[in-house]
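What follows is the residue order along each chain.
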Amino acid sequence: MLYIAIGTSMKKISYNVPKEVSRVTETLRSAGFEAYFVGGCVRDILQGIKPKDWDATTNATPEQIQALFEDSFYENDYGTVGIVNETEDETLKVVEVTPYRTEGSYTDKRRPDSVSFHGKLEDDLKRRDFTINAIAYDESKGHLTDVFDGLKDIKDKVLRTVGNPRERFNEDALRVLRAVRLATDLGFTIEIETQNAIIEKASDLAHISRERIRDEFTKMIMTKNPMVGIVMCQKFGLLKYIAPDIERGIGIEQNGDHIYTVWEHNLRALQHSADREWPLHVRLAALFHDVSKPETRRWSNEKNDWTFYGHDVVGGRVSRKTLEHLKYPKKIVDVVSALVRYHLFFSDIEKITLSAVRRIIKNVGPDNVWDLMKVRACDRIGMGRPKEAPYRLRKYESMIDEAMRAPVSVGMLKIDGQKIMEVTRETPGPKLGFILHALLEEVLDDPERNTEEFLVKRTLELAKLPIDELKKLGEEGKEKKEEAEEAELAVIRKKHGVK
Ligand code: ATP
Ligand code: MG
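Below, the structure is looked at part by part.

## Quick notes on the pairing of strand S4 (residues 54-58)
Turning to step 1, where the next piece is worked out: By the criterion of burial, S4 is predominantly enclosed, with four of the five residues buried.
Turning to step 2, where the next piece is worked out: Pairing of strand S3 (residues 35-37) with S4 involves three bridges; the strand directions are antiparallel. When the sheet's bridge partners are listed, Ala 35 is paired in S4 with Thr 58.

Below, the structure is given as structure tokens:
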């Protein structure tokens, strides 16, 4: 149990470090090394949040760490060793252990020219980015090492660099984005000198690898308040180094249906996706769905209003370009650009037909159609409109289910026209269709009969019947097929509670 002083009171920290995690620091300590938790996990514990990952720091060298943990693996050129522990529920917990490290000067604004691994805990804390990330915690003693008053900043909800912000951002410009990401995630304000330095150093983001930018950007999008994060990025001049096309929506008025500018609408759509806790690709699609309204906006005298023809097509391309530039994996790029490309659909429930729904599914891909519905919800809420009326929504969902199911047809049979011609030596003609439908009727009556063996046997018998009799059986099969179709659709509609 940890007690810490905040002002005049003592605060009891009730979160216990899980034993699979403290095993790592304990092992290091019993081998005579120092070991502390640091970074996000300590910050989380001090706020009463359950940490999602664990970082520790030690005076042991990478080789010494590895010698102590059989199941450890070496990670990167910063000497971090990831130690994998199996927990009781058989999930894995990784503790990343980094040796104390001091850094040489930074001439390229990205990486230290040299890194050395000896030194003291205080030196390691000094090279960390923000005061709230530079607190070390020894859970065995319940003791904090907090040389930069990070605890006070946590209490005041303030994000502040360790030391001079200009110098710290000069060393590694990614920190300007980390500042916004952390402030967004934690709901903290950014201390004023740190803010001024972010604005001053924003353009140095251009020197940072796009993968590192992408990872922080993703983390920001995945917070509870990504809208706040994007607005902050814009105000500090960072957004133009991340997703400049989004910014073009600022001040762009829309047509009569819209009360918000393009910029605000995209942001509100994004925020809705976060409020619903939807996944990254839906959130990105929400953010980008109207990205190309600015360049497609035309005044129509006829409508006496703005039009945005083609913004979906252009937007699909622009979002692809932006996400590729940020090195997102191909899978994410493809799905987001498809969602943006096809976000305009289902305008009028009375007019929409099943074949139109099929076309949408074919275009966007069956795997993405439910996510397209999510983007649609973001679009709507982002316009300031009420949620879709429940009946309409259920009707759309029912139509998607109807369009996605495999139809009742002779295609279900474990025999096809080719095979029938082979066994009967018939040539193509109406007789083949009669046989197929007669077989379908029998299979619909008893699905167990849908085996090639049975169907071949029945085909040979049916082929011997007089043509009139066969025709009658075939027509009965067609009727039965329609009944079966109706019955299946009725089940789907009932499930969705629609007519
Ligand atoms: P999260 O909760 O998202 O993991 P975090 O603060 O733990 O947040 P990480 O990227 O996991 O972020 O980094 C772990 C720690 O390493 C940070 O808390 C910070 O002390 C230090 N750190 C990470 N990136 C930098 C950086 N660019 N410059 C200086 N210190 C950094
Ligand atoms: Mg972390």
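## A short note on the site of ligand 1
Turning to step 1, where the next piece is worked out: As a matter of local geometry, ligand 1 sits amid 16 residues, with Arg 43, Lys 52, Asp 172, Arg 175 and Arg 181 nearest to it.
Turning to step 2, where the next piece is worked out: The contact in question runs from an oxygen atom of ligand 1 to an N or O atom on the side chain of Lys 52, over 2.9 Å.
Turning to step 3, where the next piece is worked out: Arg 128 places a side-chain nitrogen or oxygen 3.1 Å from an oxygen atom of ligand 1.
Turning to step 4, where the next piece is worked out: Expressed as a share of its isolated accessible area of 580 Å², the protein-covered part of ligand 1 is 84%.
Turning to step 5, where the next piece is worked out: In this structure the site holding ligand 1 corresponds to the largest pocket.
Turning to step 6, where the next piece is worked out: Ranked by residues supplied to the shell around ligand 1, first place goes to helix H7 (residues 174-186) with three residues.
Turning to step 7, where the next piece is worked out: Split by residue class, the shell around ligand 1 holds no nonpolar, three polar and 13 charged.
Turning to step 8, where the next piece is worked out: Each of two domains, domain 1 (19-156) and domain 2 (158-242), supplies a minimum of three residues to the shell around ligand 1.

## What about helix H22 (residues 452-463)?
Turning to step 1, where the next piece is worked out: A rise of 1.5 Å per residue sets the reference length of H22, with its twelve residues, at 16 Å; its end C-alpha atoms lie 16 Å apart and thus fit the reference within 8%.
Turning to step 2, where the next piece is worked out: Of all the positions in H22, only Phe 454, Leu 455, Val 456, Arg 458, Thr 459, Leu 462 and Ala 463 are classed as buried.
Turning to step 3, where the next piece is worked out: Against helix H20 (417-424), helix H21 (430-445) and helix H23 (467-496) lie the buried residues of H22.

## Digging into the nonpolar core
Note that soluble globular proteins tend to have their nonpolar side chains buried in a common cluster.
Turning to step 1, where the next piece is worked out: Ranked by size, the top nonpolar core spans 98 residues in total, and within it Phe 217, Ile 230, Leu 238 and Leu 284 carry the most contacts.
Turning to step 2, where the next piece is worked out: Residues contacting Phe 217, with those up to four places away along its chain left out, are Leu 177, Ile 230, Ile 242, Leu 284, Leu 287, Leu 326 and Tyr 328.

## So, the environment of Arg 298
Turning to step 1, where the next piece is worked out: Its location among the elements puts Arg 298 in strand S14 (residues 298-300).
Turning to step 2, where the next piece is worked out: A C-alpha to C-alpha distance of 69 Å links Arg 298 and Arg 29, two positions 269 residues apart in sequence.
Turning to step 3, where the next piece is worked out: The contact partners of Arg 298, leaving out residues within four places of it in the chain, are Asp 305, Trp 306 and Thr 307.
Turning to step 4, where the next piece is worked out: Reaching out from Arg 298, the side chain makes a polar contact with the backbone oxygen of Glu 295 at a distance of 3.4 Å.

## Some remarks on the pattern of salt bridges
Turning to step 1, where the next piece is worked out: Per the stated rule, a full pass over the model turns up 37 salt bridges.
Turning to step 2, where the next piece is worked out: Residue Glu 216 pairs with Arg 181 through a salt bridge whose shortest N-O separation is 2.7 Å. Taken as a pair, Glu 216 in helix H9 (residues 210-221) and Arg 181 in helix H7 lie far apart in primary sequence, 35 residues in all. With respect to burial, Glu 216 and Arg 181 carry one shared label: buried.
Turning to step 3, where the next piece is worked out: As a salt-bridge pair, Arg 248 and Glu 295 come within 3.0 Å of each other at their nearest N and O atoms. Of this pair, Arg 248 sits in the loop between helix H11 (244-247) and helix H12 (262-275) while Glu 295 sits in helix H14 (residues 293-296), placing them 47 residues apart in sequence.
Turning to step 4, where the next piece is worked out: Residue class for Arg 248 comes out partly exposed when judged on its relative accessible area of 30%.

## Remarks on the packing of aromatic side chains
Turning to step 1, where the next piece is worked out: What the rule picks out here adds up to two aromatic pairs.
Turning to step 2, where the next piece is worked out: Aromatic pair Phe 37 and Trp 54: ring centres 5.4 Å apart, planes at 65°, arrangement edge-to-face. Taken together, the residues Phe 37 in strand S3 and Trp 54 in strand S4 connect sequence positions 17 residues apart. Per residue, the accessibility class of Phe 37 equals that of Trp 54, and both read buried.

## Notes on a negative patch on the surface
Turning to step 1, where the next piece is worked out: A cluster of acidic side chains, namely Glu 475, Glu 479, Glu 482, Glu 483 and Glu 486, defines a negative patch on the protein surface.
Turning to step 2, where the next piece is worked out: Here Glu 482 shows up in helix H23.
Turning to step 3, where the next piece is worked out: The class for Glu 482 is exposed, based on a relative accessible area of 52%.

Thresholds applied
- The numbering scheme is per chain: residues are counted from 1 as the chain's sequence reads.
- Whichever chain is written first becomes A and whichever ligand is written first becomes 1, with later ones labelled in order.
- Per-residue local features are limited, in this predicted model, to residues with pLDDT of at least 70; the limit for side-chain atom pairs, both in listing and counting, is 80 or more; totals at the level of whole chains, interfaces and linings are taken over all residues.
- In computing side-chain properties, one takes all heavy atoms of the structure into account and sets aside hydrogens as well as water.
- The rule is simple: take the accessible area with a 1.4 Å probe, protein chains only, and divide by the maximum for that residue type; under 20% is buried, over 50% is exposed, in between is partly exposed.
- Strands are runs of DSSP state E lasting at least two residues, helices are runs of H or I lasting at least four, and both sets are numbered from the N terminus onward.
- Strand pairing requires that DSSP identify at least two bridges connecting the strands.
- When at least one non-hydrogen atom of a residue lies within 4 Å of a molecule or strand, that residue is treated as near it.
- Under this definition, polar contacts are N or O atom pairs within 3.5 Å; protein pairs additionally need one hydrogen-donor-capable and one acceptor-capable atom, and for neighbouring residues in sequence, both atoms have to be side-chain atoms.
- Only the protein chains shown count as covering a residue, and every accessible area follows the Shrake-Rupley method with a 1.4 Å probe.
- We place a 1 Å grid over just the protein atoms. Points where a 1.4 Å probe fits but has no way out form a cavity, open points with protein on both sides within 12 Å along at least 5 of 7 lines form a pocket, and any residue with an atom within 4 Å of a point lines it.
- A pocket or cavity is taken to hold a molecule when more than half of that molecule's atoms are within 2 Å of the pocket's grid points.
- Each residue gets one label: Ala, Val, Leu, Ile, Met, Phe, Trp, Tyr, Cys and Pro are nonpolar, Asp, Glu, Lys and Arg are charged, and the others, such as Gly, are polar.
- These domain boundaries are the output of an automatic or database domain assignment.
- Expected span of a helix, by definition, is 1.5 Å for each gap between consecutive residues, and there is one gap fewer than residues.
- When checking whether two residues touch, look at their non-hydrogen atoms; a contact exists if any pair is within 4.5 Å.
- Here the nonpolar core consists of buried residues drawn from Ala, Val, Leu, Ile, Met, Phe, Trp, Tyr and Cys, with membership extended through side-chain atoms lying within 4.5 Å.
- Criterion for a salt bridge: a side-chain nitrogen of Lys or Arg within 4 Å of a carboxyl oxygen of Asp or Glu.
- Centres within 6.5 Å make a pair out of two Phe, Tyr or Trp rings, where for Trp the six-membered ring is used; the pair is then stacked when the planes are under 30 degrees apart, edge-to-face when over 60, and tilted otherwise.
- In this analysis, a patch consists of residues with relative accessible area above 30% that form no salt bridge, clustered at 9 Å for like charges and at 5 Å for the nonpolar side chains Val, Leu, Ile, Met, Phe, Trp and Tyr.
- Residues scored as positive are Lys and Arg, those scored as negative are Asp and Glu, and His as well as the terminal groups of each chain are ignored.
- To locate a charge, the coordinates of NZ of Lys, CZ of Arg, CG of Asp or CD of Glu are taken.

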